[in-house]
Amino acid sequence: MKTFEKTLRIILWVLICIVFVIGLLYFINGSLEMFPTPEQQGKARVVAIILMAIPAFFGVILFFKRKK
């Protein structure tokens, strides 16, 4: 059972990191339109911040739920 829990935690950490990096790249690149309007850029930034905040929140929870 310990091996399953450890494997699950590693998989969750990898997923959290992947989603965070995708959000970070989206924040840096912005809207991927050819000629984006400021409104599209703003929406892209909001989505990117959400894509970075949610994994950060779950990462903190996962960090504090670890066994010592």
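Residues numbered from 1 in each chain as written. Predicted model: local features only at pLDDT ≥ 70, side-chain atom pairs only at ≥ 80, totals over all residues. Heavy atoms only, no water.

**Student:** Account for the packing of aromatic side chains, with residues named and values stated.
**Tutor:** The tally for this structure, following the rule as stated, stands at two aromatic pairs. Arranged with centres 5.4 Å apart and planes meeting at 70°, the rings of F57 and F58 form a pair that is edge-to-face. The class for F58 is partly exposed, based on a relative accessible area of 45%. With centroids separated by 5.2 Å and ring planes inclined at 75°, the aromatic side chains of F63 and F64 adopt a geometry described as edge-to-face. Note on F63: relative accessible area 39%, which makes it partly exposed. (Phe/Tyr/Trp six-rings, centres within 6.5 Å; stacked < 30°, edge-to-face > 60°. Buried < 20%, exposed > 50% of the residue type's maximum accessible area, 1.4 Å probe, protein only.)

**Student:** Could you give me a rundown of the layout of surface pockets, with the residues and numbers involved?
**Tutor:** Volume-wise, the largest pocket comes out at about 210 Å³. Lining the largest pocket are K2, F4, E5, K6, L8, R9, K65, R66 and K67. Taken together, the residues that form the lining of the largest pocket break down as two nonpolar, no polar and seven charged. (1 Å grid on protein atoms, 1.4 Å probe; cavity = no way out; pocket = protein on both sides within 12 Å on 5 of 7 lines; lining within 4 Å. Points joined across faces, edges and corners; volume = space filled by probe spheres on them. Nonpolar A, V, L, I, M, F, W, Y, C, P; charged D, E, K, R; others polar.)

**Student:** A description of helix α2 (residues 38-64) should follow, citing residues and the corresponding values.
**Tutor:** Helix length check: α2 (27 residues) gives 39 Å between terminal C-alpha atoms against 39 Å at 1.5 Å per residue, within 8%. Buried residues of α2: A44, A48, M52, P55, G59 and L62, and no others. For α2, the secondary structure elements touched by its buried residues are α1 (2-29). (Helix = DSSP H or I, 4+ residues; strand = E, 2+ residues; numbered from the N terminus. Expected span 1.5 Å × (residues − 1). Contact = heavy atoms within 4.5 Å.)

**Student:** Lay out a nonpolar patch on the surface in plain terms, naming residues and giving numbers.
**Tutor:** A cluster of nonpolar side chains, M1, F4, L8, I11, L12 and L15, forms an exposed patch at the surface whose accessible area comes to about 630 Å². Along the chain, L8 falls in helix α1. The partly exposed category is assigned to L8, whose relative accessible area is 39%. (Patch = residues over 30% accessible without salt bridge, like charges linked within 9 Å, V, L, I, M, F, W, Y side chains within 5 Å. Areas by Shrake-Rupley, 256 points an atom, 1.4 Å probe, with all protein chains shown as cover. Salt bridge = Lys/Arg side-chain N within 4 Å of Asp/Glu carboxyl O.)

**Student:** I'd like to hear about α1, residue by residue, with values.
**Tutor:** The end-to-end C-alpha distance of α1 is 41 Å, a good match for the 40 Å that 28 residues give at a rise of 1.5 Å each. Immediately beyond the C-terminal end of α1, within one or two residues, lies G30, with a positive phi of roughly 75°.

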